[in-house]
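Spelled out from the first residue to the last, the chains are:
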Amino acid sequence: MKRHLENLRAKPDKMKRQIAFLTSAGITAVIALFWIVSISIQSSSAVVSAQAPSVQVNSPVSALTANVFDVFSGIKSYFFGPSKSSNPAAGLEVVPGVR
């Protein structure tokens, strides 16, 4: 990574601006994609919940916060496994055997 940054520093200013623009455009596109997907998921769940007798309407900020929290929870459970409270084998004790 350090070598890559040194190579970028050696490039002309015009090239640095182009790289900065493309990088920021790419990051913005990824954020916009997540936003559009979350809106489509919410709208599809709103159609299903519209058939129910009571419908709860969330503000966009609370919906975004809930989606971000769900994403981080999913990433955490993917890398670190389920929490100890949901693990049915949490009360087991492992004892080494004799050879």
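No experiment lies behind these values; they were computed from the predicted model shown.

**Re the overall build of the protein chain**
At step 1: For the protein chain, the helix and strand inventory stands at 3 helices and 0 strands.
At step 2: Each helix and strand of the protein chain, ordered N terminal to C terminal, gives the series α-α-α.
At step 3: Expressed as a percentage of its 99 residues, the buried residues of the protein chain come to 2%.
At step 4: Of the roughly 9,400 Å² of accessible surface on the protein chain, 68% is carried by carbon and sulfur atoms.

**Some remarks on the pattern of salt bridges**
Oppositely charged side chains are able to pair whenever their charged atoms sit close together.
At step 1: With the rule as written, the count across this model stands at 2 salt bridges.
At step 2: A salt bridge links Asp-13 to Lys-16; the nearest nitrogen and oxygen atoms lie 3.6 Å apart. You can see Asp-13 and its partner Lys-16 sitting in helix α2 (residues 13-50), 3 residues apart, about one turn around the helix.
At step 3: Of the residues examined, Asp-13 reaches a relative accessible area of 49% and is grouped as partly exposed.
At step 4: We classify Lys-16 as partly exposed; its relative accessible area is 33%.

**What to know about the confidence of the model for the protein chain**
At step 1: Across the protein chain, pLDDT averages 77, with 71% of residues at or above 70.
At step 2: Least confident of the elements in the protein chain is helix α3 (residues 60-80), whose mean pLDDT is 79; most confident is helix α1 (residues 2-10), at 87.

The rules behind these values
Residues numbered from 1 in each chain as written. Predicted model: local features only at pLDDT ≥ 70, side-chain atom pairs only at ≥ 80, totals over all residues. Heavy atoms only, no water. Helix = DSSP H or I, 4+ residues; strand = E, 2+ residues; numbered from the N terminus. Buried < 20%, exposed > 50% of the residue type's maximum accessible area, 1.4 Å probe, protein only. Areas by Shrake-Rupley, 256 points an atom, 1.4 Å probe, with all protein chains shown as cover. Salt bridge = Lys/Arg side-chain N within 4 Å of Asp/Glu carboxyl O. pLDDT = per-residue confidence, 0-100.

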